[in-house]
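Residue-level structure breakdown
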Amino acid sequence: MSEPARDFPQSFVFGAATAAYQVEGGIENDWTDWERAGKTRTPCGRAVDHWNRWEEDFDLLGAAGLGAYRLSVEWARVEPEPGRFDDAVLARYRAMLEGLSRRGIKAMVTLHHFTHPRWFHQRTPWTGAASVEAFAAFSRKVAEALRGRVSWWCTLNEPMVFLLGGYVAAQMPPGLKDLDGFAKAAANLMRAHLAARRAIREADPGVPVGIAHNSLGVAPLRSVSPLDRTISRFAHDLYNHAVPRALIEGELRLQMPLLLRRKEVIDGARGSLDFLGVNYYSRIHVGAKLGAPWLETRYVDVARRGLTDLGWECHPEGFGALLEQMKAYGVPLYITENGLADESGERRSAFLYDHLKVLATAMRGGADVRGYFHWSLLDNFEWLEGLGPRFGLYRVDFQTLARTATPTVAWLKRVAQTGRLATP
Ligand code: IFM
């Protein structure tokens, strides 16, 4: 009897993702100050102590049958003062990558995942040109230290989330509400990607360099309202397409009626992504609002699947639609994050099944998707929400730091090993 057909090809990689600040613990950076100013539900503190427990955590990846790990390098650890790089820290990250390699696990390394050294926003803020060289110098050092051990470099994580949070909504450092600053920082982040990519290519030639881009389904709050429909169209373009379009086609276009209208050709940006990482979690409804900030956003449980613990809609159909659009950019895709906050651990497998099913369908339809990284390997520090929401394949007791497999581990392992989607 012949084997049933695979849903994912043999070459497809299944992995899990984390980010340094969210798991390592003991980091002092701009987010630590943000926490001390009372902006998060809890401080990050020791997070889940991955800095000391990485061997144990990498064994968990192996136990879940995963062949890849997306991690980030913490800029504040590597360059605590401008121009002073900490060799012991770089050696530790190198040892971590060697630990992955010993276990046959490929590494995707992210260089910017929301956080900065304390000195950054004063000395070389993203609104100024010096930010580009500052990021390139850091990237060069890291690439020289880790070369030969990285399968994919990811310069920026979710630049649009960072830009909106940091320069429009004042929800993350540098905590501004400044549309002009937003546009300047956006252009410099695009240039920073280019400069980092050049540095990586010199230090570690032949390794693909991309970004991880957060995408969201976007729909009008009141579908009968022409205003809401227009606004949701612009919000979709700004949120989902401004960044990939800039780095693939070369033009940064940021537009929101009455609020923002910028177009800028970024020299050298055309064709500057070897892959596009797609992060997908949910869909948002957007409408007009009288008075600042003029926009209203809401998660709506349209299909009555139940919102996640963070109140986000479960909307796998939106994932399919976005994959169709991202496919049109013509570069290889990776799903660099997907998951949900689920305290019970009972909803995760069904959520993953629904999203992986959509993914397999998109791939059958020609989307060149090469891998899937679950967010997250472990429960961790969820930014404004603190140590609370549970995104982990492994549950972490935040008191004892004990790791326990959620029911999804065994199920995902079977999918990863067989390349076939079984109902959970
Ligand atoms: O925890 C974050 C991550 O840092 C970036 N993407 C979304 C995740 C869940 O909110």
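Residues numbered from 1 in each chain as written. Predicted model: local features only at pLDDT ≥ 70, side-chain atom pairs only at ≥ 80, totals over all residues. Heavy atoms only, no water.

1. Describing the side chain of Asp 204
Put simply, the test is: Numbering goes from the N terminus for both helices and strands, where a helix is a DSSP run of H or I of at least four residues and a strand is a run of E of at least two. Think of it in three bands: with a 1.4 Å probe and only protein chains considered, a residue is buried below 20% of the maximum accessible area for its type, exposed above 50%, and partly exposed in between. For the purpose of counting charges, residues Lys and Arg are taken to be positive, whereas Asp and Glu are taken to be negative. His and the chain ends are not included. Take a side-chain nitrogen of Lys or Arg and a carboxyl oxygen of Asp or Glu: if they are within 4 Å of each other, that pair is a salt bridge. By the criterion applied in these results, polar contacts are pairs of N or O atoms within 3.5 Å in which, for protein atoms, one can donate a hydrogen and the other can accept it, and in which residues neighboring in sequence qualify only through two side-chain atoms. Should any heavy atoms of two residues lie within 4.5 Å, those residues are counted as being in contact.
Mapped onto the secondary structure, Asp 204 falls in the loop between helix H9 (179-203) and strand E5 (209-220). Notably, Asp 204 is buried but unbridged: the nearest opposite-charge side chain belongs to Arg 147, and the N-O separation is 6.6 Å. Engagement of the side chain of Asp 204 in a polar contact is seen with the backbone nitrogen of Gly 148, the distance being 3.2 Å. Contacts of Asp 204, omitting those with residues within four sequence positions, involve Arg 147, Gly 148, Val 150 and Trp 153.

2. Looking at the site of the ligand
Put simply, the rule reads: To be near a molecule or strand, a residue needs just one of its heavy atoms within 4 Å of it. The protein chains shown are the only cover counted for residues, whose accessible areas, like all others here, come from Shrake-Rupley with a 1.4 Å probe. Amino acids outside the nonpolar list (Ala, Val, Leu, Ile, Met, Phe, Trp, Tyr, Cys, Pro) and the charged list (Asp, Glu, Lys, Arg) are all regarded as polar, and Gly is one of them.
Neighbouring the ligand are the residues Gln 22, His 113, Phe 114, Asn 157, Glu 158, Tyr 281, Trp 312, Glu 337, Trp 375, Glu 382, Trp 383 and Phe 391. For the ligand, an oxygen atom lies 2.5 Å from a polar atom in the side chain of Glu 382. Starting from 280 Å² of accessible surface for the ligand in isolation, the protein chains cover 94%. Looking at side-chain class alone, the shell around the ligand contains six nonpolar, three polar and three charged residues.

3. A look at helix H8 (residues 159-167)
Across the nine residues that make up H8, a large majority, eight, are buried. By the burial criterion, the buried members of H8 are Pro 159, Met 160, Val 161, Phe 162, Leu 163, Gly 165, Gly 166 and Tyr 167. Where H8 is buried, its residues contact strand E3 (106-112), strand E4 (152-157), H9, E5, helix H10 (226-249) and strand E6 (251-256).

4. Here we look at the packing of helix H3 (residues 50-63) against helix H5 (residues 87-102)
Applied cut-off: Note on geometry: axes are C-alpha line fits, over the in-contact stretch for helices, and angles between N-to-C directions span 0 to 180 degrees. Working definition: roughly parallel below 35 degrees, roughly antiparallel above 145 degrees, roughly perpendicular at 65 to 115 degrees, and oblique for all remaining angles. Crossing chirality is assigned from the near helix's rotation relative to the far helix, an anticlockwise turn below a right angle marking it left-handed and a clockwise turn marking it right-handed.
Axis separation between H3 and H5 bottoms out at 10 Å; the angle between their running directions is 15°. One way to sum up the angle between H3 and H5 is to call them roughly parallel. As H3 packs across H5, the resulting crossing turns out to be right-handed. Of the residues in H5, those touching H3 at His 50, Trp 51, Asn 52, Trp 54, Glu 55, Phe 58 and Leu 61 are Val 89, Arg 92, Tyr 93, Ala 95, Met 96, Gly 99, Leu 100 and Arg 102. Here the residues of the contact of H3 with H5 sort into nine nonpolar, three polar and three charged.

5. Overview of the side chain of Arg 245
Topologically, Arg 245 is positioned in helix H10. The buried category is assigned to Arg 245, whose relative accessible area is 6%. What Arg 245 contacts, discounting residues up to four positions off in sequence, is Asp 237, Gly 250, Glu 251, Arg 253 and Tyr 329.

6. Let's talk about a nonpolar patch on the surface
Definition in use: A patch consists of residues whose relative accessible area exceeds 30% and which take part in no salt bridge; residues with like charges are grouped when within 9 Å of each other, and nonpolar side chains (Val, Leu, Ile, Met, Phe, Trp, Tyr) when within 5 Å.
Among the surface-exposed residues, Leu 179, Leu 258, Leu 259, Leu 290 and Trp 294 lie close enough to one another that they form a single nonpolar patch of about 610 Å² accessible area. Inspection of the secondary structure assignment puts Leu 179 in helix H9.

7. Remarks on the pattern of salt bridges
What the rule picks out here adds up to 32 salt bridges. Residues Arg 84 and Glu 81 are paired through a salt bridge, measuring 3.5 Å at the closest nitrogen-oxygen approach. With a relative accessible area of 39%, Arg 84 lands in the partly exposed category. Among the salt bridges present, the one from Glu 98 reaches Arg 94, with a minimum N-O distance of 3.2 Å. Placement of the pair is Glu 98 and Arg 94 together in helix H5, with a separation of four residues, close to one helical turn. Taking the relative accessible area as the measure of exposure, Arg 94 reaches 25% and is therefore partly exposed. Here the residues in one salt-bridge network are Glu 28, Asp 33, Arg 36 and Arg 118, joined through shared partners.

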